[in-house]
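In case you want the letters, here they are:
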Amino acid sequence: MVPSPAVSPEKPIFPGCLAWILENQHDDGSWGLQYSVHGGRDPTLMKDALSSTLACILALKRWDTGDHHVRSALAFMERNSGSLLDSSLQAPIGFDVVFPSMVQTCTQDFRLNLPLDGAHVDAMIRNRDVALTGADRTVGRDAYLAYVSEGIGGFQGLARGNAMRFQRKNGSILNSPSATAAAVIHGHDDALSLGYLRSVLRTTTAGIPAVHPHEIQARLCLIDTVESLGIDRHFREEIELALDEIHRCWRQGEEEIFLDATTCAMAFRMLRLNGYPVSSEVRFWSDTLEGYLKDERAVLELHKAARITCLHDGEASILGRQQLWTAQFLKQLALDHHHCRDNIYKI
């Protein structure tokens, strides 16, 4: 959706992305992560498929191409529109804000008649407006609004000034390609932001990820899996090389570690367990995007990190408090799952 002012505002600045959309539509008319490793549809990801498909429709309409693709995509949305009402399905972060905004853009800017129930769409738009006008002004909520700023009409008001508060050294808004692209579209076309978007395209070949970069977290997950399987002795050299690099990033205060609660907790735990001299970091949970979203995986990683052996009394106090509240959070989560699924979970 990002125009190319140097060539023409009617031309995309990243034509390769448009070509990718035209070349990668699924046989059923959709785009997105909708297939399992066995080749069949994963029904829990239907909302992601609907959101990705609508985003691709918007891009094709914006650049006036792919009429056949659009017709096929609309047919897919019509067949699966009932999934929008299913609260049991997983939804991408910000779905309740971004999806109704994309619907509005389709109907108002492109006069496109979407095969969706009008009453339900109106309800989604009302719920979005209520969510965006809430009185809660925590740092965590502001981070969330910046993360979903692509879904805030016209990048107006709070979204415009708020999003740029969360611009990182690599030029991104919270490492989100979509939020960064929204900033560029609506006037924040600085060299850092464009450089970030170009770096994303250079390093990805299978579509644009929701978060970039995440190399450090991916390495940590791989090491954690290998160690959990008990086969780490076969890969000690590779593990040490990876941990040396992660420790260097830790010492340099890399944003990819310290501005992501999950990555920070995993890095602390695995570096400490492998003998690296790292100190515990105080995370102001409520002041983070993960805290606002009550990210379950991040809390679990924080809980694991809090159980690491302490080096001194001050660290014991910090980690002890963290272990206490994360345990309470996870126990409440288990109770919630018990009520919803009528199963018993134990932490």
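Keep in mind that what you see is a predicted model, and the values were worked out from it rather than measured.

**Q** Lay out the overall build of the protein in plain terms, naming residues and giving numbers.
**A** Scanning the protein from terminus to terminus reveals 16 helices and two strands. For the protein, the residues scored as buried account for 44% of the 347 residues in total. When contacts within the protein are restricted to residue pairs at least 6 apart in sequence, those whose partners lie at least 24 apart make up 60%. Accessible area of the protein: about 18,600 Å², with a carbon and sulfur share of 54%.

**Q** Could you give me a rundown of the confidence of the model for the protein, with the residues and numbers involved?
**A** Scored by pLDDT, the protein comes out at a mean of 85, with 87% of its residues at no less than 70. Of the regions scoring below 50 in pLDDT, residues 343-347 engages in nine contacts with residues more than four places distant in sequence or in other chains.

**Q** So what's going on with the environment of Asn-274? Which residues, and what values?
**A** Summarising the element assignment, Asn-274 is placed in the loop between helix H13 (261-273) and helix H14 (289-293). With 35 residues separating them along the chain, Asn-274 and Ile-239 place their C-alpha atoms 9.8 Å apart. Among all residues touching Asn-274, those that are not within four sequence positions of it are Glu-227, Arg-236 and Leu-243. Within the structure, the side chain of Asn-274 is placed 2.7 Å from the backbone oxygen of Met-270, a separation counted as a polar contact.

**Q** Tell me about the pattern of salt bridges, residues and numbers included.
**A** A complete count under the given rule lists seven salt bridges for this structure. Between Asp-232 and Arg-236 there is a salt bridge, with its nearest N and O atoms 3.4 Å apart. Between Glu-245 and Arg-248 there is a salt bridge, with the nearest N and O atoms lying 2.4 Å from each other. With Glu-245 and Arg-248 both in helix H11 (residues 236-251) and three residues apart, this pair spans about one turn of that helix. You can call Glu-245 partly exposed: its relative accessible area is 30%. Each of Asp-224, Arg-269, Glu-301 and Lys-304 takes part in a single network of salt bridges with overlapping partners.

**Q** Describe a negative patch on the surface, naming the residues involved and giving the relevant values.
**A** Residues Glu-237, Glu-238, Glu-240 and Asp-244 make up a contiguous surface patch of negative charge. In this fold, Glu-237 is placed in helix H11.

**Q** Mind laying out unusual backbone geometry, listing which residues take part and the relevant values?
**A** Cis geometry marks the peptide bond from His-212 to Pro-213; its omega dihedral reads 0 degrees. Secondary-structure assignment places Pro-213 in the loop between helix H9 (191-203) and helix H10 (215-228). At Asp-64, a position not held by glycine, the phi torsion is positive, near 55 degrees. Mapped onto the fold, Asp-64 is located in the loop between helix H2 (46-62) and helix H3 (67-80). Assessed through its relative accessible area of 66%, Asp-64 is described here as exposed.

**Q** Please provide a residue-by-residue account of the environment of Asp-48, values included.
**A** Within the secondary structure layout, Asp-48 lies in helix H2. Contact partners of Asp-48, with chain neighbours within four places excluded, come to Gly-32, Leu-33 and Pro-92.

Calculation criteria
Residues numbered from 1 in each chain as written. Predicted model: local features only at pLDDT ≥ 70, side-chain atom pairs only at ≥ 80, totals over all residues. Heavy atoms only, no water. Helix = DSSP H or I, 4+ residues; strand = E, 2+ residues; numbered from the N terminus. Buried < 20%, exposed > 50% of the residue type's maximum accessible area, 1.4 Å probe, protein only. Contact = heavy atoms within 4.5 Å. Areas by Shrake-Rupley, 256 points an atom, 1.4 Å probe, with all protein chains shown as cover. pLDDT = per-residue confidence, 0-100. Polar contact = N/O pair within 3.5 Å; in protein donor to acceptor, adjacent residues only side chain to side chain. Salt bridge = Lys/Arg side-chain N within 4 Å of Asp/Glu carboxyl O. Patch = residues over 30% accessible without salt bridge, like charges linked within 9 Å, V, L, I, M, F, W, Y side chains within 5 Å. Lys, Arg positive; Asp, Glu negative; His and termini not counted. Charge placed at Lys NZ, Arg CZ, Asp CG, Glu CD.

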